[in-house]
Amino acid sequence: MSMGSVRNISTATGFASSIGSLSPVWLVAAVVVFSFFMPWTAGDNTDVSWLIVICEKVLDGQKLYVDILETNPPFSVALYIGPVWLSHRLGISPESAIECFIYLVFFVSIALSAVVIERGRIFVDLKTQWIYPALAVLLLIMPGNVFGQREHIGTMLFMPMLFLMMWRIENRAHAPVPLGLAVAVGLAGSVLLLVKPHWATGIVLPYLFIAWRRRSLMACLTAENVVIFTVCAAYLVSVYLWFPEFLGAFLQVLMRYYVSLRANINIVAALPTFAIFVVFAVFQMRKSVWRDDVALAMVSAGGLFVSMVYLGKYWPNHQYPFQTTLVFAMLLAVASRWQMAFGLTNAEAASEVDSVKLHAAAALAVVAALSVTHHQFYQLPEKSLVDAIKSRYASPSIVQVSSDLSVGNPLTRMSNGRWLSAYAHDWVGTYALWGLMRGTYQGEDERIARQDLDNYTRYVNSLIRDNKPDIILMDRMNKKKSAWSLTADFPPIWIVWMRQNADFQTLMEGYEEIASGDYIEVYARRSDAH
């Protein structure tokens, strides 16, 4: 396409023109206000609710990886302990404090992103009015019930890093990246790796792409990468010094039973989604001009996707980082094609404009669909369960017998309960049992797995026998059918195992079922139980 066939864009009319004339600040503000009315909060999230429980136990003097056996590294707790501590000082709920913290992180993310975008002039040919409200939607609306998760926070703070990489790939000698800005972006971007170290591929692969484009590996040696390396090294040393238990025997158990578990069947849904999004972006570029910034965002999304596949869980919070990065690449590709389509003056202009409008609508539909999909997960437990517990106890002691974290959280906090177990859920016993059933372990590994299974079964029984909890939460044997999980209709093997245990049967004689939801059964201690 020759320069003569391109004209200045001034053809937008009607609603699009009205929106385009608004300041990005007002558009972002509108998205923020709209997000206040979305039907989810940080406290609704299973993982966040459990991490609040951990933070409160730590603040009460319990030691992480000794009194509390959490599957995640220490930074997951450190991320939330400040807001939880502050909530106790201010007399507000930890959920409210974390909610405010999430919005603070968002404003830091979008402000730092704006500085990088405007100083680097990386989207000057596309204009930037749409960038900021689009970011606001991706970071505040699309997360759904991932809102407030560690992955959500890490992705928000990674976005300035993504834009800085786009600045780096252009290699404009007259516009070098200021050192202070690179350091700030590096500090923000390091959070992604502190949350999940394997997500380093989302940064490493794009910088290798930059090095390839610039024909020099020295392009990877940047201030922000030095900061990230330094922060991660310091974190590793601090974990070694302050949490030796995590790197000791506990990490071996974690790798054996938790990290090794992979829900590989779920890639059937994840892989086609990733492929379709990539094809969509590539098609837009084929119709316009291939952009390095679009390619870089796609490479980063690919790295995050590979990291997710490595972990093998495919849960919505694990998919959110690659989805956000790839959707932004899609929007950027459509914007590039939009720019060129409205610049055409030849006979094909009308057809191309109609086509790009259709694809822009499709990109927005993807954002809406992901928002709806994310909202379907981590649903709150039924109010009837909370009411049933509160009708018996004001502050009940609670034990969960289940491999599902969402059985006890956020139900425990919603019922003002006190969590007794050192574990979030019965992952040690469940995954040891599952591995033995599948024949995963042989020889010495099989002996260790059987010993761990027996030890953990005794632990659950002793937890109930010694503490006499007010409430026991269990998986419902006949779970309600779900269209969102390919494994939802299978019986919970851990509950079957425990119900067949003689000691557990005896202990449960002192409890009666008081409520049942779609996937949770609630048992309360009988008044005449001894």
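Let's talk about the pairing of strand β3 (residues 471–475)
For a regular strand, the rule is simple: side chains alternate between the two faces of the sheet.
Now for step 1: With 5 of its 5 residues buried, β3 lies for the most part within the structure.
Now for step 2: When strand β1 (residues 397–401) meets β3, the two strands line up parallel, connected through 4 bridges. Paired with Ile398 across the two strands is Ile471, which belongs to β3.
Now for step 3: Of the strand pairs in this sheet, β3 and strand β5 (residues 520–525) are connected by 5 bridges, and their pairing is antiparallel. When the sheet's bridge partners are listed, Ile471 is paired in β5 with Ala524.

Structural notes on a nonpolar patch on the surface
Now for step 1: Where nonpolar side chains cluster on the molecular surface, the patch consists of Leu59, Trp85, Leu86, Leu90 and Ile92 and spans about 450 Å² of accessible area.
Now for step 2: Looking at which element gives the most residues to the nonpolar patch, the answer is helix α4 (residues 75–90), with 3 residues.
Now for step 3: Tracing the chain through its elements places Trp85 in helix α4.
Now for step 4: Look at Trp85 and you get partly exposed, because its relative accessible area is 40%.

A few points about the pairing of β5
Now for step 1: A large share of β5 lies buried, amounting to 5 of its 6 residues.
Now for step 2: One ladder, built from 5 bridges, connects strand β4 (residues 511–516) with β5; its direction is antiparallel. Paired with Ala515 across the strands is Val522, a residue of β5.
Now for step 3: Hairpin connection between β4 and β5: a loop of 3 residues separates the two successive antiparallel strands.

Remarks on helix α10 (residues 223–242)
Quick reminder: α-helices carry 3.6 residues per turn. Residues three or four places apart thus point the same way.
Now for step 1: Taking 1.5 Å per residue, 20 residues should reach 28 Å; α10 reaches 28 Å between its end C-alpha atoms and fits that length.
Now for step 2: Considered for burial, the residues of α10 that qualify are Glu224, Asn225, Val227, Ile228, Tyr235, Ser238 and Val239. For α10, the arc enclosing every buried residue in end-on projection is 155 degrees, short of the 170-degree limit, so these residues lie on one face. Opposite the buried face of α10, by more than 90 degrees, sit the exposed residues Phe229, Leu236, Tyr240 and Leu241.
Now for step 3: For α10, the elements touching its buried residues are α4, α7 (150–170), α8 (179–195), α9 (201–214) and α11 (244–259).

Focus on helix α15 (residues 349–375)
Now for step 1: Its 27 residues give α15 an end-to-end C-alpha distance of 39 Å, which sits within 8% of 39 Å, the value for a rise of 1.5 Å per residue.
Now for step 2: Taken as a whole, α15 has its buried residues at Ala349, Glu352, Val353, Val356, His359, Ala360, Ala363, Val366, Val367, Leu370, Ser371 and His374.
Now for step 3: Lining the buried residues of α15 we find α6 (131–141), α12 (267–287) and α14 (316–341).

Topic: unusual backbone geometry
Generally, phi is negative for residues other than glycine and the peptide bonds are trans, each holding for most cases.
Now for step 1: The omega angle of the peptide bond from Asn409 to Pro410 is 15 degrees, so this bond is cis rather than trans.
Now for step 2: Residue position: Pro410 is located in the loop between α17 (405–408) and α18 (411–414).
Now for step 3: Of note, Tyr314 is a non-glycine position whose phi angle comes to about 65 degrees, a positive value.
Now for step 4: Positioned with a positive phi, Lys468 is a non-glycine residue whose angle comes to about 45 degrees.
Now for step 5: Looking at the secondary structure, you find Lys468 in the loop between α20 (444–467) and β3.

Quick notes on the pattern of salt bridges
Now for step 1: Per the counting criterion, the structure on display carries 17 salt bridges.
Now for step 2: The closest approach of N and O atoms between Arg213 and Asp292, which form a salt bridge, is 2.9 Å. Taken as a pair, Arg213 in helix α9 and Asp292 in helix α13 (residues 292–311) lie far apart in primary sequence, 79 residues in all.
Now for step 3: A salt bridge links Asp445 to Arg256; its shortest N-O distance comes to 3.6 Å.

Let's talk about the packing of α9 against α13
Now for step 1: Their axes nearest at 7 Å, the elements α9 and α13 cross at an angle of 145 degrees. Note on packing geometry: the crossing formed by α9 with α13 is right-handed. Side by side, α9 and α13 meet where Thr201, Gly202, Leu205, Pro206, Phe209, Ile210 and Arg213 of the first sit next to Asp292, Ala295, Leu296, Val299, Ser300, Gly303, Leu304 and Ser307 of the second.
Now for step 2: Looking at the contact of α9 with α13 residue by residue, the classes come out as 8 nonpolar, 5 polar and 2 charged.

Quick look at the packing of aromatic side chains
Now for step 1: This structure, assessed with the given rule, holds 26 aromatic pairs.
Now for step 2: Taken together, the ring pairs in this structure connect Tyr65, Phe243, Phe246, Phe250, Tyr258, Tyr423, Trp427, Tyr431, Tyr456, Tyr459 and Trp494 into an aromatic cluster.
Now for step 3: The lysine or arginine in question, Lys196, covers the ring of Trp199, its NZ or CZ lying 5.5 Å from the ring centre.
Now for step 4: Geometry around Trp212 places Arg215 over its ring, the cationic atom sitting 5.3 Å from the centre.

A few points about the nonpolar core
Now for step 1: Core analysis: the biggest nonpolar cluster contains 164 residues, and Phe163, Met166 and Val401 have the highest contact counts within it.
Now for step 2: Counting residues per element, this core draws most heavily on α7, at 13 residues.

Quick notes on the rules
Going along each chain's sequence as written, the residues are numbered from 1 onward. Since the coordinates come from a predicted model, pLDDT governs what is reported: local features require at least 70, and pairs of side-chain atoms require 80 or more to be given and counted, while whole-chain, interface and lining totals use all residues. Side-chain calculation: all heavy atoms of the structure are included, whereas hydrogens and water are not. Here the term buried applies to any residue with accessible area under 20% of the maximum for its type, exposed to any over 50%, and partly exposed to those in between, with areas from a 1.4 Å probe on protein chains only. Working definition: helices are DSSP H or I runs of at least four residues, strands are E runs of at least two. Numbering for both runs from the N terminus. Any two strands with at least two DSSP bridges between them are considered paired. Patch members must show over 30% relative accessible area and no salt bridge, and they are joined within 9 Å when carrying like charges or within 5 Å when they are nonpolar side chains of Val, Leu, Ile, Met, Phe, Trp or Tyr. What sets the accessible areas is the Shrake-Rupley method with a 1.4 Å probe; for residues, cover comes only from the shown protein chains. Any Lys or Arg side-chain nitrogen located within 4 Å of an Asp or Glu carboxyl oxygen qualifies as a salt bridge. Under the convention used throughout, the expected extent of a helix is 1.5 Å for every residue step, that is, one less than its residue count. This arc is taken over the directions from the axis of the helix to the C-beta atoms. The contact criterion used is simple: two residues touch if any of their non-hydrogen atoms lie within 4.5 Å. Throughout, an axis means a line fitted to C-alpha atoms (over the contacting stretch in the case of helices), and angles, computed between N-to-C directions, take values from 0 to 180 degrees. Crossing handedness is defined as follows: a turn of the near helix away from the far one that is anticlockwise and smaller than a right angle gives a left-handed crossing, while the clockwise case is right-handed. Gly falls in the polar group here, along with every residue not listed as nonpolar (Ala, Val, Leu, Ile, Met, Phe, Trp, Tyr, Cys, Pro) or charged (Asp, Glu, Lys, Arg). Centres within 6.5 Å make a pair out of two Phe, Tyr or Trp rings, where for Trp the six-membered ring is used; the pair is then stacked when the planes are under 30 degrees apart, edge-to-face when over 60, and tilted otherwise. Counting as a charge over the ring demands two things of the Lys NZ or Arg CZ atom: a distance within 6 Å of the ring centre and an angle within 35 degrees of the ring normal. Put simply, buried Ala, Val, Leu, Ile, Met, Phe, Trp, Tyr and Cys residues joined by side-chain atoms within 4.5 Å make one nonpolar core.

Keep in mind these numbers describe shape, not what the thing actually does.
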